Amino acid sequence: MKAHDGAAVSSLFVPGLTLSSVDANGKVSVTSGEEFAKRVGSSKADWLERIWDPKVLEHGSIAVVWAEYDFHLNGKFSHCGIDTFTMLKGDTGWKIASLSFTRETSGCSPSPLGPPPAQ
């Protein structure tokens, strides 16, 4: 995302993937993987998303990842929350089959990664 490489982002997704988010007020938003990759590729903003302490459950060719994250836009805190990924392993390796996340602007746990690097 930081490199604004929409093709690289898209290559991580199973075709037909959807991204679903819920904000602190319970508003749900759904975006296609294709639309998200286009947004990443066309953005001029500085995006930084950091995850930590991922919890991974895996069985054969399916896995679920749950991790806290924070997101910074142009060097400033934007939001935090929980990312959840459903992963599938196929002929080309692991791909993201679905992604859901919360978007919170307050009550965020401090990141164990410390402050983001200065721009």
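Computed from a predicted model, the values in this text were never measured in an experiment.

Caption draft 1: Representation of the layout of surface pockets. The computed volume of the largest pocket comes to approximately 710 Å³. Along the walls of the largest pocket sit 29 residues, with Met1, Leu19, Phe36, Glu49 and Phe101 positioned nearest its centre. Put simply, the parts of the chain that give the lining of the largest pocket at least two residues each are α1 (6-10), β1 (18-23), β2 (28-32), α2 (33-42), β3 (47-59), β4 (62-73), β5 (76-90) and β6 (93-103). Considered class by class, the residues forming the lining of the largest pocket number 18 nonpolar, six polar and five charged.

Caption draft 2: Just the pairing of β6, in detail. Summarising the sheet, β1 and β6 pair through five bridges and their orientation is parallel. Across the sheet, residue Val22 finds its bridge partner in β6, namely Thr102. Relative to β6, β5 runs antiparallel, the two being bridged by eight bridges. Along β6, the bridge assignment pairs Thr86 with Ser98. The loop that links β5 with its antiparallel partner β6 comprises two residues.

Caption draft 3: Region of interest: unusual backbone geometry. Positive phi, close to 55°, is recorded for His4, a residue that is not glycine. Examined against the element boundaries, His4 turns out to sit in the segment before α1. In this structure, Asp53 takes a positive phi of about 50° despite not being glycine. Residue placement: Asp53 occurs in strand β3. Asp53 sits in the partly exposed class, given a relative accessible area of 49%.

Caption draft 4: Local environment of the sheet that holds β6. The strand order across the open sheet formed by six strands is β2-β1-β6-β5-β4-β3, and the pairing between neighbours is mixed. Here the strands that pair on one side only, and so sit at the sheet edges, are β2 and β3. Strand after strand, the sheet turns through a mean of 20° between neighbouring axes, direction not considered. Running over the sheet, α2 touches β1, β2 and β3 and is turned about 80° from β2.

Conventions adopted
Residues numbered from 1 in each chain as written. Predicted model: local features only at pLDDT ≥ 70, side-chain atom pairs only at ≥ 80, totals over all residues. Heavy atoms only, no water. 1 Å grid on protein atoms, 1.4 Å probe; cavity = no way out; pocket = protein on both sides within 12 Å on 5 of 7 lines; lining within 4 Å. Points joined across faces, edges and corners; volume = space filled by probe spheres on them. Helix = DSSP H or I, 4+ residues; strand = E, 2+ residues; numbered from the N terminus. Nonpolar A, V, L, I, M, F, W, Y, C, P; charged D, E, K, R; others polar. Pairing = 2+ DSSP bridges. Buried < 20%, exposed > 50% of the residue type's maximum accessible area, 1.4 Å probe, protein only. Axes fitted to C-alpha atoms, helices over the stretch in contact; angles between N-to-C directions. Contact = heavy atoms within 4.5 Å.

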